[in-house]
Amino acid sequence: SFMRGRMSGGSPHSNKAPELESATLALVIDGAALAIVWEDEALREALLHLGRVCASVLACRVSPKQKAQVVELVRTGVSPEPLTLSIGDGANDVSMIQSSHVGVGISGKEGRQAVNASDFAIAQFRFLERLLLVHGRWNYVRMSKVVLYYYYKNFVLSLTLFIFNFATNWSGTSLYETLLANGYNVILFLPIIFTGAFEQDVSAQMALDAPELYITGRTNMQLNTTKVVITLIEGVLTSVVIVVMAQAGSASYQEGGLFELGTVVYTWLLLIMQWKLWLETNYWTGINQAVWWLHTLGYFGFLFAYSSLLFMSYDFYGVAVQAMSDWAFWLTAVMVVGGSAVLDLALELLRTQLRPNIVDIYAEIDRGYGERTLQASINEQNALGRLKEAFGLRQTVTLHAPTVSQRSTPRGVL
């Protein structure tokens, strides 16, 4: 009756509780009470509403089925649906682990049933902090960059072909030689794979020292509709730069025919994509750099060899060799990539100066740039507090710049 009367003024789908709102509240409920609650839909809604205003909810002496029911209650009762994680070390936790989005099993004395049913396995509960704050967050950042990069590079390729159709009266003529067009993703796939494997926007120590950085994944800050739209707009601007330069220099490649012009534009595309990857990568390893340079230089080697073999393509024979022997080929490549680089750097500068996000702030501190000035600015303007309030977080955490000893951990150590 307390829960019915106390919580009657709210809805489980509301973001705020009407009467109870405190980070110091905790709810303890046992299996017998849960059994009563589950018999009444109104009590289930009241339990969910009360639990959402508490800092912690402890369910003790509950059955495996009840554990799974609590997870399902949160998944189905909260809108939008939250991302849930369950962690357990025994067979009685299997149903709970399987009911959540992410399951973590602890291998221990109670056997490996929980580990076998989970998505991730750890040896001790304390490793959960590093799994979430470091590796989990890094994985989100890596996947976000890979997805947006694939959107960008394929959109620019398609848009240049679309614009070229205006010049061919929609005849379907391709600007690029068949093998080059089909091999676009093959040529560019490996460098981004290594970025997706090794990328780190902040160090592991910074991610542990500033757990509020985990908000980037919880709020989908780096992979959302706005990010995709911005990426596509950047693709449009890049395509405009390529088309303008292609029209300005088309007269220089009339003797070589359509495929020579297509080879030049294709080379611009590849170099721009390599530059974009360089810009988006914050953490470079020896493997990243080796793959990047091998792919960039290997492309020109492939181009020379392919156009030198008559049996490979009669139409493309000698085209790339003739194009690369012209100084205009290299000059225009530098101009187009330089123009794209200036555009990307200008947009990034405006974003970081006018609307920096939490990652930008901590990344600068992590790299040791302007530490005192940045710390003073944050303290004066309370930028982090406003950011957290915008994302619906009630508690404000004061930002402290890490000490030199905290940043001494090598970036490559996992």
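1. A short note on the nonpolar core
Nonpolar side chains tend toward joint burial in soluble globular proteins. Counting 43 residues, the largest nonpolar core has I242, V265, W268, L269 and M273 as its most contacted members. Among the elements of the structure, α7 (127-167), α9 (184-198), α12 (225-249), α13 (258-280), α14 (286-308), α15 (319-324) and α16 (327-354) are those that each provide at least two residues to this core. Among the elements that make up this core, the one with the highest residue count is α13 (12 residues). If we skip the residues at most four places from it in the chain, L269 touches V156, L157, T160, Y176, Y184 and I242. Core analysis: the second largest hydrophobic core is formed by 16 residues, M221, I358, V359 and A363 among them.

2. Considering the packing of α9 against α14
Running from N to C, α9 and α14 point in directions that differ by 170°, and their axes come no closer than 10 Å. Classed by the angle they form, the pair α9 and α14 counts as roughly antiparallel. Here α9 contributes V186, I187, L190, P191, F194, T195 and F198 to the contact with α14, which in turn contributes I287, N288, V291, H295 and Y299. Among the residues forming the contact of α9 with α14, the class breakdown is 9 nonpolar, 3 polar and no charged.

3. Some remarks on helix α17 (residues 358-367)
The buried count for α17 comes to 8 of 10 residues, which makes it a mostly enclosed element. Listing the buried residues of α17 in full gives I358, V359, D360, I361, Y362, A363, I365 and D366. Between a side-chain oxygen at the N-terminus of α17 and the backbone nitrogen of V359 the separation is 3.0 Å; the capping residue is N357.

4. Some points on the environment of L179
Along the chain, the position of L179 falls in helix α8 (residues 178-182). Assessed through its relative accessible area of 37%, L179 is described here as partly exposed. Setting aside anything within four residues of it in sequence, one finds L179 in contact with F302 and Y306.

5. Structural notes on α14
Look at α14: 32 Å from first C-alpha to last across 23 residues, which is about the 33 Å you get at 1.5 Å a residue. Looking at α14, one finds that the buried residues are N288, V291, W292, H295, T296, Y299, F300, L303, Y306 and S307. Those residues of α14 that are buried are in contact with α8, α9, α13, α15 and α16.

6. Focus on the sheet that holds strand β3 (residues 85-88)
Whether parallel or antiparallel, the strands of a sheet pair through hydrogen bonds between backbone atoms. With parallel pairing, 3 strands are arranged side by side in an open sheet as β3-β4-β5. With one partner strand each, in any of the chains shown, β3 and β5 (120-122) form the two edges of the open sheet. Pairwise comparison of adjacent strand axes, ignoring direction, gives a mean angle of 20° for this sheet. Pairing analysis gives 4 bridges linking β3 to strand β4 (residues 102-106), with the strands arranged parallel. Residue pairing in the sheet places L85 in a bridge with V102 of β4. Across the face of the sheet, α7 comes into contact with β3, β4 and β5 while running at roughly 140° to β5.

7. Observations concerning the pattern of salt bridges
Enumeration over the complete set of coordinates arrives at 8 salt bridges. K276 is the partner of E234 in a salt bridge, and the nearest nitrogen-oxygen pair spans 2.8 Å. Remark: K276 occurs in helix α13 and E234 occurs in helix α12; sequence separation between them is 42 residues. A single burial state applies to E234 and to K276, both of which are buried. Among the ionic pairs, R351 bridges to E348, the shortest N-O distance being 2.8 Å. One end of the pair, R351, and the other, E348, are both in helix α16, 3 residues apart, so they sit about a helical turn from each other. For R351, a relative accessible area of 25% puts it in the partly exposed group. With a relative accessible area of 34%, E348 lands in the partly exposed category.

8. Re the confidence of the model for the protein chain
Of all residues in the protein chain, 81% have pLDDT values of 70 or greater, and the mean over the chain is 80. Under a pLDDT of 50 for its full length, residues 1-20 has, in the predicted model, 36 contacts with residues more than four places off or in other chains. Below pLDDT 50 for its whole length, residues 394-414 participates in 43 contacts with residues either more than four positions away or in separate chains.

9. Details of a nonpolar patch on the surface
The grouping of V229, I233, L237, L347, L350 and L354 at the surface amounts to a nonpolar patch, some 520 Å² of accessible area in total. Of all the secondary structure elements, the ones that give two or more residues to the nonpolar patch are α12 and α16. By the secondary structure assignment, I233 is in helix α12. Since its relative accessible area comes to 46%, I233 is described here as partly exposed.

10. Observations concerning the packing of aromatic side chains
Applying the stated rule across the entire model yields 15 aromatic pairs. An angle of 40° between the planes, with centres 4.4 Å apart, marks the rings of W278 and W284 as tilted. Residue classification places W284 among the partly exposed positions, given a relative accessible area of 22%. Above the plane of the ring of Y152 lies K276, whose end atom (NZ or CZ) is 4.8 Å from the centre.

11. A word on the side chain of S86
Mapped onto the fold, S86 is located in strand β3. Accessibility expressed as a relative area gives 4% for S86, which makes it buried. For S86, the side chain forms a polar contact with the side chain of S100, separated by 3.3 Å.

Rules behind the numbers
Residues numbered from 1 in each chain as written. Predicted model: local features only at pLDDT ≥ 70, side-chain atom pairs only at ≥ 80, totals over all residues. Heavy atoms only, no water. Core = buried A, V, L, I, M, F, W, Y, C linked by side-chain atoms within 4.5 Å. Buried < 20%, exposed > 50% of the residue type's maximum accessible area, 1.4 Å probe, protein only. Helix = DSSP H or I, 4+ residues; strand = E, 2+ residues; numbered from the N terminus. Contact = heavy atoms within 4.5 Å. Axes fitted to C-alpha atoms, helices over the stretch in contact; angles between N-to-C directions. Parallel < 35°, antiparallel > 145°, perpendicular 65-115°, else oblique. Nonpolar A, V, L, I, M, F, W, Y, C, P; charged D, E, K, R; others polar. Polar contact = N/O pair within 3.5 Å; in protein donor to acceptor, adjacent residues only side chain to side chain. Expected span 1.5 Å × (residues − 1). Pairing = 2+ DSSP bridges. Salt bridge = Lys/Arg side-chain N within 4 Å of Asp/Glu carboxyl O. pLDDT = per-residue confidence, 0-100. Patch = residues over 30% accessible without salt bridge, like charges linked within 9 Å, V, L, I, M, F, W, Y side chains within 5 Å. Areas by Shrake-Rupley, 256 points an atom, 1.4 Å probe, with all protein chains shown as cover. Phe/Tyr/Trp six-rings, centres within 6.5 Å; stacked < 30°, edge-to-face > 60°. Lys NZ or Arg CZ within 6 Å of the ring centre and 35° of its normal.

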